[in-house]
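The primary structure of each chain is shown beneath.
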Amino acid sequence: EFNAQNLANTAWAYATAGHAAPALLDAIAVEAAGRGLRDFNPQGLANTAWAYAVADRPSPALFGGDAFVQRCAAAERGFWAEELRQLHQWQLWQEERGAAWPPLPPALAQRCRDAFCQEEGAPSRLQRDVSASLRALGLAPREEERTPQGYSLDAVVSHGGREVAVEVDGPSHFVGRTPTGATALKRRQLRAA
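Notes on the structure in this doc start here. (Residues numbered from 1 in each chain as written. Predicted model: local features only at pLDDT ≥ 70, side-chain atom pairs only at ≥ 80, totals over all residues. Heavy atoms only, no water.)

A short note on the packing of helix H3 (residues 42–55) against helix H9 (residues 181–192)
Defined as follows: Think of each axis as a best-fit line through the C-alpha atoms, taken over the contacting stretch in the case of a helix, with angles from 0 to 180 degrees between the N-to-C directions. Labels follow the DSSP assignment, with helices taken as runs of H or I lasting at least four residues and strands as runs of E lasting at least two, numbered in each case from the N terminus. Handedness of a helix crossing follows the sense of rotation of the near helix relative to the far helix, less than a right angle counterclockwise being left-handed and clockwise being right-handed. When checking whether two residues touch, look at their non-hydrogen atoms; a contact exists if any pair is within 4.5 Å. Classification used: nonpolar for Ala, Val, Leu, Ile, Met, Phe, Trp, Tyr, Cys and Pro, charged for Asp, Glu, Lys and Arg, polar for all others including Gly.
At a minimum axis separation of 9 Å, H3 and H9 run at an interaxial angle of 60°. Here H3 runs over H9; the crossing is left-handed. Each of Trp-50, Ala-53 and Val-54 in H3 lies in contact with H9, whose residues at this interface are Gly-181, Ala-182, Leu-185 and Arg-188. Its residues placed into classes, the contact of H3 with H9 shows five nonpolar, one polar and one charged.

Description of the environment of Gly-161
Our working definition: Exposure is judged per residue with a 1.4 Å probe applied to protein chains only, and the accessible area is read against the type maximum: over 50% gives exposed, under 20% gives buried, and values in between give partly exposed.
Turning to its location among the elements, Gly-161 is positioned in the loop between strand E2 (152–159) and strand E3 (162–166). Residue Gly-161 is classed as exposed on the basis of its relative accessible area, which comes to 84%. Note: C-alpha distance between Gly-161 and Glu-119 (42 residues apart in sequence) is 30 Å.

What to know about empty space enclosed by the protein
The condition that has to hold: Put plainly, a pocket is an open set of points on a 1 Å grid over the protein atoms alone with protein on both sides within 12 Å along at least five of seven lines, a cavity is a set where a 1.4 Å probe fits but cannot get out, and a lining residue has an atom within 4 Å of a point. Grid points are joined across faces, edges and corners, and a volume is the space filled by probe spheres set on the points.
The full count for this structure, using the stated rule, is one cavity of 30 Å³ or more. By volume, the largest cavity is sized at about 40 Å³. Taken together, Ala-11, Tyr-14, Ala-15, His-19, Ala-20, Ala-21, Leu-24, Leu-25, Ala-51 and Ala-55 make up the full set of residues lining the largest cavity. Elements represented by at least two residues in the lining of the largest cavity include exactly helix H1 (4–16), helix H2 (22–34) and H3. Per-element tally for the lining of the largest cavity: the top contributor is H1, with three residues. Of the residues that constitute the lining of the largest cavity, the class distribution is nine nonpolar, one polar and no charged.

Everything listed is a geometric property; what it means functionally is a separate question.
Shown next, in the form of C-alpha cells:
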C-alpha cells in the first residue's frame, strides 16, 4: 500500500540510521522496479539510490536495467544539490562494486560530482582540537583536503613517508555506538579508494 514516497523514505530512514535491513530493501526494490519508478520524484530517486549505496545492497531489479538512469535523466532539472550529492555517492558505489549496471548520463554525472565537491566542510571544535594536537606533534595537517572521488578529509598528514587521512567523527556521526549511514558510507568508500 506504500506510495513511491513511502518506499523511498523507508529505505532512506533505515540507511540514515545505519540499520541493516536486507529483506526490507529487497522488497522495496522489487516493488519500486515493478512500478517502473514512474511515481518517484527527484528526491525519491536520490534517496533510494543513496540508501542502497549506504546499505551496500545491490539490486539488479532496481539498477540492473535502464529504468533508473532514464528516470534520473528525465528528472535532471528537478534535482537539488543534496540529491545530486546522493547520486554522486551512488555512482561511487557503482565504481566501488565494479557494477555493470548503467551509469548516469555524463552531463548529469558531472553535475552530481560538482555538487558533491562544492559542499564546504565545516570543522567542528573537536576537529579543530585534533588538528591543533597534530600541529603540536609537528605533523602539519592539511585540513579539508579533497580526494579524487570528491570527499573532503578532515586532515591529511605525512608520516613515515606516507600520506595518512585523519577523520574526526564526533557524536553527530553516531546513533548510539553505531556510525550513521552517511559516516559508514564515507568510511567504506574512502577505504575502497
